[in-house]
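Architecture at a glance
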Amino acid sequence: MEWVKLKTLYDSEEKALKIGSIVATTEARLASQKRGPQYEVETRVEQVEDKWQVFWRKVFVGNKTGCSGGCGSCHNKLPGKTKGKVIPFNSTRQKSPS
């Protein structure tokens, strides 16, 4: 894909790199789907006169499909059953003395 240029210019390279990191994270999350196309976002900063400008682009890295390892292969396992305490219940009532 083509490089996208942010309109904002930054005073320091460090600030531009920080913004580039935020853009990369945000755009990758927005572009990638839970099951489907997956993207990484590349960024670069360039000096324009005495300021810094951020450029970014999406890079297709593949498709993510559903479960491919069979039953029980995913890391989202359900919590195991815990043994509960059994409380005995008396079904016969004792008569109170009258």
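Computed from a prediction, not measured in an experiment: that's the story for all the values here. (Residues numbered from 1 in each chain as written. Predicted model: local features only at pLDDT ≥ 70, side-chain atom pairs only at ≥ 80, totals over all residues. Heavy atoms only, no water.)

Of regular secondary structure, the protein possesses one helix and three strands. When its helices and strands are written in sequence order, the protein yields β-α-β-β. Within the protein, residue pairs in contact and separated by at least 24 positions form 54% of the contacts whose partners lie at least 6 positions apart. Total accessible area on the protein is roughly 8,900 Å²; 52% of this is exposed by carbon and sulfur atoms. (Helix = DSSP H or I, 4+ residues; strand = E, 2+ residues; numbered from the N terminus. Contact = heavy atoms within 4.5 Å. Areas by Shrake-Rupley, 256 points an atom, 1.4 Å probe, with all protein chains shown as cover.)

A separate point is the side chain of Ser32. Counting through the fold element by element, Ser32 comes out in the loop between helix 1 (13-31) and strand 2 (36-48). Of note is the side chain of Ser32, whose polar atom sits 2.9 Å from the backbone nitrogen of Tyr39. Here Ser32 is in contact with Pro37, Gln38 and Tyr39, once residues within four sequence places are set aside. (Polar contact = N/O pair within 3.5 Å; in protein donor to acceptor, adjacent residues only side chain to side chain.)

If you look at the biggest cluster of nonpolar residues, it comprises 11 residues: Leu6, Tyr10, Ala16, Ile19, Val23, Ala24, Ala28, Val41, Trp52, Val54 and Trp56. Elements supplying a minimum of two residues to this core: strand 1 (4-10), helix 1 and strand 3 (51-64). A per-element tally of this core places helix 1 first, with five residues. (Core = buried A, V, L, I, M, F, W, Y, C linked by side-chain atoms within 4.5 Å. Buried < 20%, exposed > 50% of the residue type's maximum accessible area, 1.4 Å probe, protein only.)

A few words now on the environment of Thr65. Note that Thr65 resides in the segment after strand 3. By relative accessible area, which is 57% here, Thr65 ends up exposed. Distance from Thr65 to Pro37, taken between C-alpha atoms, is 8.9 Å for residues 28 residues apart in sequence.

On to the sheet that holds strand 2, then. The strand order 1-3-2 describes an open sheet built from three strands, whose pairing is antiparallel. Each edge of the open sheet is held by one strand with a lone partner, namely strand 1 and strand 2. Here the average twist between neighbouring strands, direction ignored, is 25°. Looking at chain direction, strand 2 and strand 3 are connected through 13 bridges and run antiparallel. Along strand 3, the bridge assignment pairs Glu42 with Arg57. The strands touched by helix 1 within the sheet are strand 1, strand 2 and strand 3, with strand 2 carrying the most contacts at an inclination of about 165°. (Pairing = 2+ DSSP bridges. Axes fitted to C-alpha atoms, helices over the stretch in contact; angles between N-to-C directions.)

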